[in-house]
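Structural features, examined
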Protein chains: 2
Amino acid sequence: MTSRALVSALFNIELPIIQAGMVWVSGGKLAAAASEAGALGIIGAGSMQPDLLREHIKKANSLTKKPLAVNIPLLYSKVQEQIDIALAEGIRIFFTSAGSPKTFTKQLKDLGCTVVHVTSSPELAIKCEAAGVDAIVAEGFEAGGHNGRDEITTMVLVPQVVDAVKIPVIAAGGIGDGRGIAAAFALGAQGVQIGSRFAATQESSAHQNFKQAIVNAGPGATMLSMKKAVPVRLLKNKFYEDMTRLEEQGASKEALNELLGKGRARLGMLDGDIDEGELEIGQIAGLIRDVPSVAMLVERLKKEFNQAMSFIPKTL
Amino acid sequence: MTSRALVSALFNIELPIIQAGMVWVSGGKLAAAASEAGALGIIGAGSMQPDLLREHIKKANSLTKKPLAVNIPLLYSKVQEQIDIALAEGIRIFFTSAGSPKTFTKQLKDLGCTVVHVTSSPELAIKCEAAGVDAIVAEGFEAGGHNGRDEITTMVLVPQVVDAVKIPVIAAGGIGDGRGIAAAFALGAQGVQIGSRFAATQESSAHQNFKQAIVNAGPGATMLSMKKAVPVRLLKNKFYEDMTRLEEQGASKEALNELLGKGRARLGMLDGDIDEGELEIGQIAGLIRDVPSVAMLVERLKKEFNQAMSFIPKTL
């Protein structure tokens, strides 16, 4: 284990904090606010048709001159179109996920971009490094949304990814305050990616009902679900109960995907139907108690981090 | 959040490190070695008939004059007998688990003992504090052996338990090196309880085959299993596959318990049948690469902690 530079230098940002790309939640407004506050703002392209993505990037660019990134899940059909639009709008930092790091890394690196891939295992982290990415997001079991099948938690995953690769590692999953940031650095990470905590901010495009549901969530309010189809961490609401019952009754992957496919994520997260909609959020929702502005949140994270560090014994 | 004293003072030990009580693994030899090294050694009474427990305490007392503790899972029938024997042999530190903190805390406190209860949720932590325990072990989803139903990870659980109670919090689950210890302190814990890493030491009573299986385990080698009966984290071996298949086929809780009840834990962990036995171990097994002596391990943990702390930025 050797010390590595914080990812702030890699992205040319002030703080080693990345606001995660999240479907229906992280549009241009949130990303610009995060970047303005000194973090790296990411526009989540996963829920956006190419034209909408262009609109969000334009909006973000109008709100900040600081670096911005786009997160592109590689499982959708219009990935190349999304990449071309992002490039045309000046994006030079790409976070890719849910697919092979081999597919787009070389293309983006040849154009001078910075590329980060999201992993849930040390084995995939090694493949990412071999594919030439600049950094890795190591995302644990507690993270919201889509998740790995091995159920490796952040605490267990991060040190093993740090040991497995030489490039910088960004810890994700279960980080909601400055204590979590300090813990991630202790585990050997060079940066943190924070999702749920940014979902419950003023600038997030999550529906007010969804933000309130995050604030109301207790420690056991989420569960990794739909393991037969594709594992995803959800708030336990009526939709979750329906889905779980179907799965327990032995429904096929196709039947589950059909229920899921009916715009349930949009219905819940953007349109605010917190009963019938799919609400993707991390387990750390239990720690979230308010809906601050992004600027307030980032200031608080710094303060909490400094306080946490002042409490840790310097040596054993 | 305010700073609280490390648990070293509470137990009158040198380091804020507790060697977890583990069935079939933490006998008198391991506990004495851990206490001699400056940690708190715990004899795991869960797999011991009262007479055997007496023997292990006597052995530990013959090997060290430093404080020792006993872990007593409250789900067995001979709990009172175990407690009486431990008291008679001079034990004054009790870790209780798998039951209500109300049942034995007052009795033990009235006798001047120190009592710690193991929890997997902030809600139970509050009940423990109300019952009068001296400290709480907050044990996350990644921990080996029996586990909570809410699947809350260490990263998410510890800060919420710290916020919920005023008494010291000992983090457990996923801690296998000095980075994990530093992370636990960053999250607000005042001590750490380490199981799996101590299971793979020279002094542990785990069978050599089981120790080797821990060393061989990769990052995804364990899974939280048997959720219908009582959730337990296991190494994925033939027994695990058999059990999981039965559960998927809709076997009753009774049928599962019958298979489990046939001495499978002893068979695997003590007798070394790594195919047919039940191998309880934490997810952090993926990080474990050797079988050192306890003294070597504790020295290494200190070194790793100090190195981890030297890498973390002091402020953001």
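Conventions used here
Residues numbered from 1 in each chain as written. Chains lettered and ligands numbered in written order. Predicted model: local features only at pLDDT ≥ 70, side-chain atom pairs only at ≥ 80, totals over all residues. Helix = DSSP H or I, 4+ residues; strand = E, 2+ residues; numbered from the N terminus. Rg over C-alpha atoms; globule rule 2.2 N^0.38 Å. Buried ≥ 20, exposed ≤ 12 C-beta atoms within 10 Å, placed from the backbone. Contact = placed C-beta atoms within 7 Å. Domains from an automatic or database assignment. Nonpolar A, V, L, I, M, F, W, Y, C, P; charged D, E, K, R; others polar. Arc of directions from axis to C-beta. Least-squares fit on C-alpha atoms with pLDDT ≥ 70 in both. Pairing = 2+ DSSP bridges. Axes fitted to C-alpha atoms, helices over the stretch in contact; angles between N-to-C directions. pLDDT = per-residue confidence, 0-100. Parallel < 35°, antiparallel > 145°, perpendicular 65-115°, else oblique. Left-handed = near helix turned anticlockwise from the far one by under 90°. Right-handed = clockwise from strand over helix to strand, strands pointing away. Core = buried A, V, L, I, M, F, W, Y, C linked by C-beta atoms within 7 Å.

1. Structural notes on the overall build of chain A
Along the backbone of chain A there are 14 helices and 11 strands. Over its C-alpha atoms chain A spans a radius of gyration of 18 Å, differing by no more than 12% from the 20 Å that the globule rule assigns to 316 residues. C-alpha extents for chain A along the principal axes are approximately 50 × 45 × 40 Å. When the 316 residues of chain A are sorted by exposure, 59% land in the buried category. A fraction of 64% describes how many contacts in chain A between residues 6 or more apart in sequence connect residues 24 or more apart.

2. Here's the deal with the domain arrangement of chain A
All names here are of chain A. According to the domain assignment, chain A contains domain 1 (7-205 + 288-311) and domain 2 (208-284). Here the C-alpha centre of domain 2 lies 22 Å away from the C-alpha centre of domain 1. Residue-level contacts link 28 residues of domain 1 with 17 residues of domain 2. Elements that contribute at least two residues to the side of domain 1 that touches domain 2 include exactly strand E7 (145-146) and helix H9 (196-199). With 3 residues, H9 is the single largest residue contributor to the side of domain 1 that touches domain 2. Partitioning the side of domain 1 that touches domain 2 into residue classes produces 10 nonpolar, 12 polar and 6 charged.

3. Description of helix H5 (residues 102-110) of chain A
All names here are of chain A. Those residues of H5 lying buried are Phe104, Thr105 and Leu108. Down the axis of H5, the sector holding all buried residues measures 115°, keeping them to one side. Turning to H5, the residues buried within the fold contact helix H4 (79-88), strand E4 (93-97), strand E5 (114-119) and helix H6 (122-131). Once H5 ends, the next one or two residues include Gly112, with phi positive near 85°.

4. Examining the relation of the copies chain B and chain A
Overlay of chain B on chain A (RMSD 0.0 Å): rotation 180°, translation along the axis 0.0 Å. Put plainly, the chains are arranged around a two-fold axis. Every residue of chain B has its C-alpha some distance from the rotation axis, and the shortest such distance is that of Ala183 of chain B, at 2.0 Å.

5. Topic: the sheet that holds strand E8 (residues 169-172) of chain B
Residues and elements named next belong to chain B. Around the barrel, which closes on itself, the 8 strands sit in the order E1-E2-E3-E4-E5-E6-E8-E9 with parallel pairing between neighbours. Across this sheet, the average inter-strand angle for adjacent strands is 25°, counted without regard to direction. For strand E2 (residues 40-44) and strand E3 (residues 68-73), the ladder comprises 4 bridges, and the chain directions are parallel. Directly across from Gly41, in E3, lies its bridge partner Leu68.

6. Digging into the sheet that holds strand E8 (residues 169-172) of chain A
Residue and element names in this part refer to chain A. Spatial strand order, E1-E2-E3-E4-E5-E6-E8-E9: 8 strands in a closed barrel with parallel pairing. Direction aside, neighbouring strands of the sheet carry axes that sit 25° apart on average. In terms of strand pairing, strand E6 (residues 135-139) meets E8 through 4 bridges, oriented parallel. For Ile136, the partnering residue across the bridge sits in E8 and is Val169. Lying on the sheet, H6 is in contact with E5 and E6; it crosses E5 at an angle near 165°.

7. A look at the interface of chain B and chain A
Each partner contributes to the interface: chain B provides 47 residues, whereas chain A provides 47 residues. Listing elements by their share of the side of chain B that touches chain A, those giving two or more residues are helix H7 (154-164), helix H8 (178-186) and helix H14 (294-311) of chain B. Here the residues of the side of chain B that touches chain A sort into 25 nonpolar, 15 polar and 7 charged.

8. As for the confidence of the model for chain A
Chain-level pLDDT for chain A is 95 on average; 99% of the residues reach the 70-or-more range. Scoring the predicted complex yields pTM 0.97 and, for the interface, ipTM 0.97.

9. So, the packing of helix H8 (residues 178-186) of chain A against helix H14 (residues 294-311) of chain A
Residue and element names in this part refer to chain A. Viewed as axis vectors pointing N to C, H8 and H14 meet at an angle of 60°, and their least axial separation amounts to 7 Å. As far as their axial angle goes, H14 and H8 are oblique. Crossing of H8 against H14: the hand is right-handed. Residues Gly178, Arg179, Ile181 and Ala182 of H8 form the contact with H14, whose participating residues are Leu301, Lys302, Lys303, Glu304, Phe305, Gln307, Ala308 and Met309. Across the contact of H8 with H14, the residue classes tally to 6 nonpolar, 2 polar and 4 charged.

10. Regarding the pairing of strand E3 (residues 68-73) of chain A
Residue and element names in this part refer to chain A. Within E3, 6 of the 6 residues are buried, which leaves it mostly tucked inside the rest of the structure. Side chains Leu68, Val70 and Ile72 of E3 all project onto a buried face; the interleaved residues Ala69, Asn71 and Pro73 project onto the opposite face, where all are buried too. In terms of handedness, the path from strand E2 (residues 40-44) via helix H3 (residues 50-63) over to E3 forms a crossover that is right-handed. Where E3 lies against E4, 5 bridges are found, and the strand directions are parallel. Along E4, the bridge assignment pairs Ala69 with Ile93. Viewed along the sheet, the connection from E3 through H4 into E4 turns out right-handed.

11. Focus: the nonpolar core
Core analysis: the biggest nonpolar cluster contains 220 residues, and Ile136 and Ile170 of chain A together with Ile136 and Ile170 of chain B have the highest contact counts within it. The residues contacting Ile170 of chain A, other than those within four sequence positions of it, are Val7, Ile18, Val116, Ala135, Ile136, Val137, Ala189, Gln190, Gly191, Val192 and Gln193 of chain A.

12. Regarding unusual backbone geometry
For Ala98 of chain A, which is not glycine, the phi torsion reads 55° and is therefore positive. Following the sequence through the fold, Ala98 of chain A ends up in the loop between E4 and H5.

13. Re the pairing of strand E5 (residues 114-119) of chain B
All names here are of chain B. Of all 6 residues in E5, 5 are buried, a share of seventy percent or more. Where strand E4 (residues 93-97) meets E5, 4 bridges bridge the pair, whose relative direction is parallel. For Phe95, the partnering residue across the bridge sits in E5 and is Val116. Traced from E4 through helix H5 (residues 102-110) to E5, the parallel crossover comes out right-handed. Across 4 bridges, E5 lies against strand E6 (residues 135-139) in parallel orientation. Opposite Val116, over in E6, you have Ala135 as the bridge partner. Following the chain from E5 across helix H6 (residues 122-131) to the adjacent parallel E6, one finds a crossover that is right-handed.

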